[in-house]
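Observations on the three-dimensional arrangement
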Amino acid sequence: MDIGFIGLGRMGFQMARRLAKANHNLVVFDTSADAVKRLTAIGAEAASSPSEVADRVETVMASLPSLEASLNVATGKDGVIEGKRVKRFIDLSTVGSQMAVKIHDLLAKRDIAQLDSPVSGGVGGAEKGTLAVMVSGPRADFDALKPVLDVIGKVFYIGAKPGSAQTMKLVNNLLSATAVAATSEAVVIGVKAGLDAGVMIDVINAGSGMNTASRDKFPRAILPRTFDFGFATGLMVKDVRLCLEESKAMGLSMEVTEAVGRLWETVIREMGPESDFTSAIQPMEKAAGVIVKGKPS
Ligand code: NAD
């Protein structure tokens, strides 16, 4: 299929690379020339704007870092909305359901279908094609796209209502954010009491405390102190804030969500938005006067 791909960063590059390797014809755009070069080097064609991408193909995908970027790329000046051929816009970014609905409504005025398709599974999942791909939007467009999305991961149809896949993604990421926060606190408590962090992670992973942070993030990026898992603190905080907003918009008051939200605000303040999200443990270490390091078996 001819596919436009906009936003070739940590996630976008890997997803676009897999689509190119699966013999789809890609027309790509990114504000970073280096990001574009990495794709043209493996056969993609470059375009000079989102609207040019949308002039050349019917199906445009995007993987962008902020709500504003998705809104501008989809509906702004020189955006996808101005394209002559485009029929559907698939947003692989996490933007929350309210922004997804806003983009949907603006594109609908030009008869362009919008599909939310946020993904979960990190850069490693994007590289291996094992992401969880959550899709909401018109069923016919979903059916047409399913073989393409199969290339990037396991695909789930969440429903026709615009934004519902975003809600699914936000609650998933709330759990991921909670796992990193809670596991970091647990290990800091143990290390302060004199326990070995590597042994703790081994025990947790053999026991009932096992979770995605203890299984993946601690062994790969926290215990070796590389803090390079591949997801920025700024993006994690964006998702936690969006989840809080969605829950408040429905009149809910969620105690764990609010506590996790406060904790991540401390992380972004102390570590900065560009830090890797695994560095969430560092403000806790500082407050406790410990360093968490070690080797899991
Ligand atoms: P990133 O910052 O690595 O990449 C974003 C890319 O978009 C960059 O190449 C940047 O140059 C480009 N860009 C920014 N503004 C643009 C614009 N206006 N027009 C064209 N290109 C533009 O971000 P990422 O980590 O790849 O994340 C992308 C999306 O995927 C986010 O919504 C994020 O929440 C979501 N996500 C990320 C991960 C992860 O582990 N990194 C996992 C799941 C979901």
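Every residue gets a number counted from 1 within its own chain, in the order that chain's sequence is written. Where totals are concerned, whole chains, interfaces and linings use all residues; where local detail is concerned, this predicted model gives features only for residues with pLDDT of at least 70, and gives and counts side-chain atom pairs only at 80 or more. Excluding hydrogens and water, the side-chain figures rest on all heavy atoms present in the structure.

1. Looking at the site of the ligand
Around the ligand, the structure places 24 residues, and the nearest of them are Arg-10, Met-11, Asp-30, Leu-64 and Thr-94. Gly-230 places a main-chain nitrogen or oxygen 3.2 Å from a nitrogen atom of the ligand. Any N or O atom pair separated by 3.5 Å or less is treated as a polar contact, with the protein-specific requirement of one donor-capable and one acceptor-capable atom, and with residues adjacent in sequence counted only for side-chain atom pairs. Here an oxygen atom of the ligand and a side-chain polar atom of Lys-238 are 3.0 Å apart. Strands are runs of DSSP state E lasting at least 2 residues, helices are runs of H or I lasting at least 4, and numbering of each runs from the N terminus. For the shell around the ligand, the secondary-structure elements that each account for two or more residues are α1 (10-21), α6 (122-128) and α11 (233-249). Ten residues, namely Ala, Val, Leu, Ile, Met, Phe, Trp, Tyr, Cys and Pro, are considered nonpolar, four, namely Asp, Glu, Lys and Arg, are considered charged, and the remaining ones, Gly among them, are considered polar. Class assignment of the residues belonging to the shell around the ligand gives a composition of 11 nonpolar, 9 polar and 4 charged. The domain boundaries here were taken from an automatic or database domain assignment. Each of domain 1 (2-161) and domain 2 (167-288) gives at least three residues to the shell around the ligand. Throughout, the term near means that a residue has one or more heavy atoms lying within 4 Å of the molecule or strand in question.

2. With respect to the domain arrangement of the protein chain
Domain annotation of the protein chain identifies domain 1 (2-161) and domain 2 (167-288). Contacts are assigned to residue pairs with any non-hydrogen atoms lying within 4.5 Å of each other. Counting residues at the interface gives 14 residues for domain 1, matched by 14 residues for domain 2. Salt bridge, as used here: a side-chain nitrogen of Lys or Arg that lies within 4 Å of a carboxyl oxygen of Asp or Glu. Summed over the shared surface of domain 1 and domain 2, the result is 0 salt bridges. At the boundary of domain 1 with domain 2, the tally comes to 4 residue pairs in polar contact (both at pLDDT 80 or more). Top contributing element to the side of domain 1 that touches domain 2 by residue count: helix α5 (residues 96-108), with 3 residues. Among the residues making up the side of domain 1 that touches domain 2, the classes are represented as 8 nonpolar, 5 polar and 1 charged.

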